[in-house]
Amino acid sequence: MKKDKELTIVEHLLEFRTRFIVVLVCFVLIFCISFLFAGNLYKLLTTRFEQKLIVLGPNDILWIYVNLSSIMAFTLTLPITVFQIWQFVKPALREGEAGAVLFYVPASFSCFVIGLLFGFYFVSPAILQVLLSLGDGLFETQLTAHNYLTFLLHTTVPIAVLFELPVIVSFLTSIGLLTPVFLTHYRRYAYFILLVLAVVLTPADFISDLAMTVPLILLYELSVFLSKLIYKKKEKSNGNFT
């Protein structure tokens with residue numbers, strides 16, 4: 001159900017600015033709190049090493065705290081961000097569509113966290129093992145905390161973003177910007193893109209590429225399935241509405 005009074009472009013921009021400030025303030029507050037617990041998170045992320053990783057200076061320590069706090073703040077702010085986005089577009093939607101916020105807010109957070117866990121427990125260890133095995137007998141490898149966390153962020157955060165695919169597709173379908181017909185028509189191109197991403201994000205061996213490609217394809221198919229459900233529900237509600 002749309003608002004009786006249409007907002008002007010300036011009013012839309014003012015509302016967007018207000019919601020952006022809310023998200024930014026929440027991010028800063030959570031970042032400051034997360035900074036206090038960044039050391040505990042670092043210990044959790046490095047439990048697989050028997051010895052402590054080395055740092056090359058105080059700047060590395062600050063970099064570790066800032067980056068870990070940023071990831072924690074982004075993750076915990078994600079539900080607030082999704083809620084603010086949904087509130088911004090809600091006036092243009094019908095009452096039933098607007099109520100879907102109860103699904104998208106927890107779903108976006110859950111998918112992102114699952115993606116982080118999948119990357120940390122499955123993808124990152126496999127990639128690290130393959131890369132270190134390449135240097136056996138050739139190099140004396142010494143990992144620094146900065147090197148390891150940079151590697152970890154580069155292999156987990158992109159995967160966590162990719163795990164948002166079902167939520168993004170569902171959201172775009174619910175607001176009418178995407179249809180299941182489009183997704184099924186361009187499925188082969190989507191598979192190719194996912195395969196390229198899997199090759200980029202994993203070492204150059206068949207097992208790692210396959211282990212990464214299969215979950216991405218399953219995510220895409222789940223997105224298509226959700227898009228069909230939402231599209232049929234929209235058609236049914238539109239039929240009842242007319």
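That block above? That's the structure.
Everything numeric here is computed off the predicted structure, so don't read it as measured data.

**Quick look at the overall build of the chain**
Thinking step 1. Secondary structure summary: the chain contains 9 helices and 0 strands in total.
Thinking step 2. The order of helices and strands in the chain, counted from the N terminus, is α-α-α-α-α-α-α-α-α.
Thinking step 3. Going through the 242 residues of the chain one by one, you find that 36% of them count as buried.
Thinking step 4. Contacts in the chain between residues far apart in sequence, at least 24 positions, make up 84% of those at least 6 positions apart.
Thinking step 5. Entry remark: accessible area of the chain is about 15200 Å², with carbon and sulfur atoms responsible for 72%.

**Here's the deal with the packing of aromatic side chains**
Thinking step 1. One pass over the full model with this rule turns up 14 aromatic pairs.
Thinking step 2. Relative to Tyr-148, the ring of Phe-49 has its centre 4.8 Å away and its plane inclined at 90°; by these criteria the two rings are edge-to-face. A residue pair is termed long-range when its members are at least 10 positions apart, and Phe-49 in the loop between helix H1 (9-45) and helix H2 (58-89) and Tyr-148 in helix H5 (residues 145-162) qualify at 99 residues.
Thinking step 3. Put simply, the rings of Phe-27, Phe-31, Phe-35 and Tyr-65 touch in pairs and so form one group of aromatic residues.
Thinking step 4. Taking the ring centre of Phe-120 as reference, the NZ or CZ of Arg-48 above it sits at 4.5 Å.

**Regarding the environment of Val-113**
Thinking step 1. Mapped onto the fold, Val-113 is located in helix H4 (residues 101-134).
Thinking step 2. The exposure class of Val-113 is partly exposed, given its relative accessible area of 26%.
Thinking step 3. Separated by 44 residues in sequence, Val-113 and Val-157 have C-alpha atoms that sit 9.8 Å apart.

**With respect to the nonpolar core**
Thinking step 1. Counting residues in each nonpolar core, the largest one holds 29 residues, and the members touching the most others are Tyr-42, Leu-68, Tyr-148, Leu-149 and Met-212.
Thinking step 2. For this core, the secondary-structure elements that each account for two or more residues are H1, H2, H4, H5, helix H8 (187-201) and helix H9 (206-241).
Thinking step 3. Looking at this core, the element that brings in the most residues is H5, giving 6 residues.

**Details of H5**
Thinking step 1. Helix length check: H5 (18 residues) gives 26 Å between terminal C-alpha atoms against 26 Å at 1.5 Å per residue, within 8%.
Thinking step 2. Within the sequence span of H5, burial applies to Ala-145, Tyr-148, Leu-149, Thr-150, Phe-151, Leu-152, Leu-153, Thr-155, Thr-156, Ile-159 and Ala-160.

Parameters at a glance
- Residues numbered from 1 in each chain as written.
- Predicted model: local features only at pLDDT ≥ 70, side-chain atom pairs only at ≥ 80, totals over all residues.
- Heavy atoms only, no water.
- Helix = DSSP H or I, 4+ residues; strand = E, 2+ residues; numbered from the N terminus.
- Buried < 20%, exposed > 50% of the residue type's maximum accessible area, 1.4 Å probe, protein only.
- Contact = heavy atoms within 4.5 Å.
- Areas by Shrake-Rupley, 256 points an atom, 1.4 Å probe, with all protein chains shown as cover.
- Phe/Tyr/Trp six-rings, centres within 6.5 Å; stacked < 30°, edge-to-face > 60°.
- Lys NZ or Arg CZ within 6 Å of the ring centre and 35° of its normal.
- Core = buried A, V, L, I, M, F, W, Y, C linked by side-chain atoms within 4.5 Å.
- Expected span 1.5 Å × (residues − 1).

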